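# Understanding the architecture of this molecule
Residue strings, one per chain:
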Amino acid sequence: MKKNITLFLLIFVIISCKKNTKNLGVISEKGMVVSAREEASAIGISILKKGGNAFDAMVATELALAVAYPYAGNLGGGGFMVYRLNNGEIGALDYREKAPLAASENMYLDSLGNVIKGKSTLGAMAIGVPGTIAGVFKAHEKFGTLPIEGILSPVIQLAKKGIIVTKKQEDRLKKHRPNFKKVNKSPIIFDSIWKQNDTIKYNSLAKTLLRIQQNGRNEFYNGETADKLVTFIQENGGIITKEDLQKYQAKWRTPVVFKYDDLKIISMSPPSSGGVCLAQIMKAIEPYELDEYKHNSVKSIQVITEAERRAYADRSFFLGDPDFVIIPIDTLISPNYVNKRMSTFSFNKATASKDITHGNLYISESDETTHYSIVDQFGNAVSVTTTLNGAYGSKLYCSELGFFLNNEMDDFSSKPGEPNMFGLIGAEANKIVPEKRMLSSMTPTIVEKNNKLFMVVGTPGGSTIITSVLQTILNVHEYKMGMQEAVNQPRFHHQWLPDVIKMEPKSFSEQVKNQLIKLGYTLDENNAPVIGKVDAILVLPNGKLEGGADPRGDDTAIGF
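Residues numbered from 1 in each chain as written. Predicted model: local features only at pLDDT ≥ 70, side-chain atom pairs only at ≥ 80, totals over all residues. Heavy atoms only, no water.

### Observations concerning the packing of helix α2 (residues 38-49) against helix α5 (residues 148-161)
Any two packed helices are characterised by the angle at which their axes cross and by the distance between the axes. Formally: To get an axis, fit a line to the C-alpha atoms, keeping to the stretch in contact for a helix; angles then go from 0 to 180 degrees between the N-to-C directions. Numbering goes from the N terminus for both helices and strands, where a helix is a DSSP run of H or I of at least four residues and a strand is a run of E of at least two. An angle counts as roughly parallel when it lies under 35 degrees, as roughly antiparallel when it exceeds 145, as roughly perpendicular when it falls between 65 and 115, and as oblique in every other case. Should the near helix be turned anticlockwise from the far one by less than a right angle, the crossing is left-handed, and should it be turned clockwise, the crossing is right-handed. Any two residues whose heavy atoms approach within 4.5 Å at even a single point are treated as in contact. Amino acids outside the nonpolar list (Ala, Val, Leu, Ile, Met, Phe, Trp, Tyr, Cys, Pro) and the charged list (Asp, Glu, Lys, Arg) are all regarded as polar, and Gly is one of them.
Here α2 crosses α5 at 155°, and the two axes come no closer than 10 Å. Comparing their axes, α5 and α2 come out roughly antiparallel. Crossing geometry of α2 relative to α5 is assigned as right-handed. Residue-level contacts link E39, I43 and I47 of α2 to G150, I151, P154, V155 and L158 of α5. Residues that form the contact of α2 with α5 fall into these classes: six nonpolar, one polar and one charged.

### Quick look at the sheet that holds strand β16 (residues 492-493)
Applied cut-off: Pairs of strands are assigned from DSSP output, requiring at least two bridges between the strands.
On the basis of which strands lie adjacent, the open sheet formed by three strands has the order β16-β17-β18 and mixed pairing. The sheet terminates laterally at β16 and β18 (523-524), the two strands that pair on one side only.

### Here we look at helix α7 (residues 203-215)
Spelled out, the test is: To estimate the expected span of a helix, count its residues, drop one, and scale the result by 1.5 Å. Burial classes: relative accessible area under 20% of the type maximum marks a residue as buried, over 50% as exposed, and values in between as partly exposed (1.4 Å probe, protein chains only).
Taking 1.5 Å as the rise per residue, α7 with 13 residues should run 18 Å; its terminal C-alpha atoms sit 18 Å apart, in good agreement. Buried residues of α7: L205, A206, T208, L209, R211, I212 and Q213, and no others. Buried-residue contacts for α7 involve α3 (54-68), α4 (132-143), α5, α8 (218-222), α9 (224-235) and β13 (403-404).

### Digging into the packing of aromatic side chains
Condition: Here a pair means two rings of Phe, Tyr or Trp (six-membered ring of Trp) with centres within 6.5 Å. Their orientation is stacked below 30 degrees between planes, edge-to-face above 60, and tilted elsewhere. A ring has a charge above it when a Lys NZ or an Arg CZ is no more than 6 Å from the ring centre and no more than 35 degrees off the ring normal.
Summed over all chains, the structure comprises 25 aromatic pairs. The interplanar angle of 15° and the centroid separation of 5.9 Å between the aromatic rings of Y221 and Y248 together place this pair among those described as stacked. Of this pair, Y221 sits in helix α8 while Y248 sits in the loop between α10 (242-247) and β7 (251-253), and the two are 27 residues apart along the sequence. Judged by relative accessible area, Y221 falls into the buried class, the value being 1%. What makes Y248 buried here is its relative accessible area of 1%. When the ring of Y293 is compared with that of F347, the centres are 5.9 Å apart and the planes differ by 85°; the resulting orientation is edge-to-face. Taken together, the residues span a long stretch of sequence, with Y293 in helix α12 (residues 290-293) and F347 in the loop between α15 (335-342) and β10 (369-375) at a distance of 54 residues. According to the relative accessible area criterion, Y293 is buried, its value standing at 19%. Aromatic rings pair up to connect Y69, Y71, F180, F190, Y202, Y392, Y397 and F404 into one cluster. The lysine or arginine in question, R172, covers the ring of Y71, its NZ or CZ lying 4.7 Å from the ring centre.

### Examining the sheet that holds strand β1 (residues 26-28)
With antiparallel pairing, the seven strands of this open sheet are ordered in space as β1-β20-β19-β15-β14-β9-β8. Because the sheet does not close on itself, it has two edges, and the strands there are β1 and β8 (256-260). On average, each strand axis in the sheet is inclined to that of its neighbour by 20°, with strand direction left out of account. Pairing between strand β14 (residues 445-449) and strand β15 (residues 452-457): five bridges, direction antiparallel. Residue E448 lies in a different strand from β15, and its bridge partner there is L453. Packed onto the sheet, helix α11 (residues 274-285) meets β8, β9 (263-267) and β14 and runs at close to 15° relative to β8. Across the face of the sheet, helix α16 (residues 465-477) comes into contact with β8, β9, β14, β15 and β19 (535-539) while running at roughly 135° to β15.

### Observations regarding the confidence of the model for the protein
Quick note on the threshold: Values of pLDDT, which run from 0 to 100, indicate the predictor's confidence residue by residue.
Of all residues in the protein, 92% have pLDDT values of 70 or greater, and the mean over the chain is 93. pLDDT under 50 marks residues 1-21. Its contacts with residues more than four places away, or in other chains, come to zero contacts.

### A word on a negative patch on the surface
Keep this limit in mind: The residues that make up patches have over 30% relative accessible area and no salt bridge, and they are joined within 9 Å when like-charged or within 5 Å when they are Val, Leu, Ile, Met, Phe, Trp or Tyr. Per-residue accessibility takes into account occlusion by the displayed protein chains alone, with areas from the Shrake-Rupley method and a 1.4 Å probe. One side-chain nitrogen of Lys or Arg within 4 Å of one carboxyl oxygen of Asp or Glu is enough to make a salt bridge. His is not counted, nor are the chain ends; Lys and Arg add positive charge and Asp and Glu add negative charge. In this description, the location of a charge corresponds to atom NZ of lysine, CZ of arginine, CG of aspartate or CD of glutamate.
Taken together, the side chains of D261, D262, E289, D291 and E292 present a region of like negative charge at the surface. By the secondary structure assignment, E289 is in the loop between α11 and α12.

### Here's the deal with the nonpolar core
Rules: The definition of a nonpolar core used throughout is a set of buried Ala, Val, Leu, Ile, Met, Phe, Trp, Tyr and Cys residues joined through side-chain atoms within 4.5 Å.
Within the largest apolar cluster, 85 residues are counted, with the highest numbers of intra-cluster contacts made by M58 and L75. Per-element tally for this core: the top contributor is α3, with twelve residues. In this structure L75 touches L63, A66, P130, T132, I133, L205, T208, L209, I212, F220 and F403, once residues within four positions along its chain are discounted. In this structure, A311, A313, I333 and I466 belong to the second largest nonpolar core, which totals 81 residues.

### As for the environment of E292
On the secondary structure map, E292 appears in helix α12. Assessed through its relative accessible area of 58%, E292 is described here as exposed. Considering only alpha carbons, one finds E292 and E89, 203 residues apart in sequence, at a separation of 35 Å.

### Examining the pattern of salt bridges
A side chain of one charge can pair with a side chain of the opposite charge if their charged atoms are brought near each other. Counted according to the given criterion, the structure contains 30 salt bridges. Between R341 and D314 there is a salt bridge, and its shortest N-O distance comes to 3.1 Å. Of this pair, R341 sits in helix α15 while D314 is found in helix α13 (residues 298-318), placing the two residues 27 residues apart along the sequence. What makes R341 buried here is its relative accessible area of 14%. In this structure, E525 engages K513 in a salt bridge whose closest nitrogen and oxygen atoms are separated by 3.1 Å. With a gap of twelve residues between them, E525 in the loop between β18 and β19 and K513 in helix α18 (residues 510-518) connect regions that are remote in the sequence. A residue is classified by how much of its surface remains accessible, and E525, at 24% relative accessible area, is partly exposed.

See below:
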């Protein structure tokens, strides 16, 4: 009998180990880079192995993504970084794009005051002043240790050598090729029919990167590259000038910091709405026993959905560029305010979004962003989200320079009360003003536990970014999952308007869905094939690192 019991236990352990191994991410002892492409993660790790720190690896990874992942990686866009040094110092960097000097509040409206379809999303008029090069050089100037020349060399070589097309990339290029031809006057490299396992070489981009390597940040904003870029944009009907580029500056910001149980959450501040919204949602759900409700149960989905509904209603009204509008952040994330917002919630039925407005004291955004997380061998961590906004941005590609330009102007409120390309409703706080930064949902986040680094997390996904970051943190903290397991879990999303819960298809039980419908919730599985592509790192109890790379994309974790 004992032999049989022993044999049974041995089989059970073997099966359990196999099951757990499937959900286990890449484990490393010293450093980790998790990004949207293996090539970018590998270059980031190579910089760490040379003795560089997380900020050196940030420069390399960001610019490698511009080569390997032109869908969202970029020279022609912008982003946000949140960092934590090994001594506990924290901070944030804003290199979000800005409205050109010639921009105006009604620039996307016709003579009747209606939004002109496509003007803020396709072509040169959609472009905001790019911030990526300013951002990576700003980070390197303050914290970098290796010379820029050495950091950029492998990126330039990658552009010359070329990138092997994946099946997902083949599908993306096929989907967006009609718009490439619609927007660009001359044929571009992506007009060709690229198939899986083909190699795309980016010689023009390599030349641009080489000039930046030799001449630094100013090459992009005041050099030959700047001249070529401005000429190209204006020839295509855009309004960005050399003065716009010369005046652009990345800005250090104070991150949003708050507590959730025994965690300290450090996230991006405005002009990103990510940190404030994340804080509001987490403060709203903190009093509820999510771990007892169980993962993705009816009750847990209810609580999270109702907190999201209220936070997104506030987002559209209060948030914008802090250099232009006053934002009551402390009030918005205070327990008193959040508790009042949740006072109308009942487990007995759904709250209707039409009955929810902003608190007493709306915005759709592109899904096609990208995120990477880095922890170095010294204990420094960076969480970075960068974007062109829509897939391949404005679809306008400068063949001479080798990169796409963003369509970030769509993230402004073209007309207060009207939804943007991602269904988010905008208000006065996010109206277009020259040199203003547009509101974003990007939520690069770092989590501490017991005053030590615990998690680095972020994702693309437009308006679903905040809720994807939220659920990943909850999966680890409330439901005791490892990082890869947490990243793999099916996700859902609510953003106030439209009043639906988006759910990843065929991922939630029929019983749960039917109960939610009976309670008055409207579910949408058709428009939510992918909610976020999380790239995250967890510090394990033994000090090792576990990378979680989202299987929804070509994302890859590499450690050493």
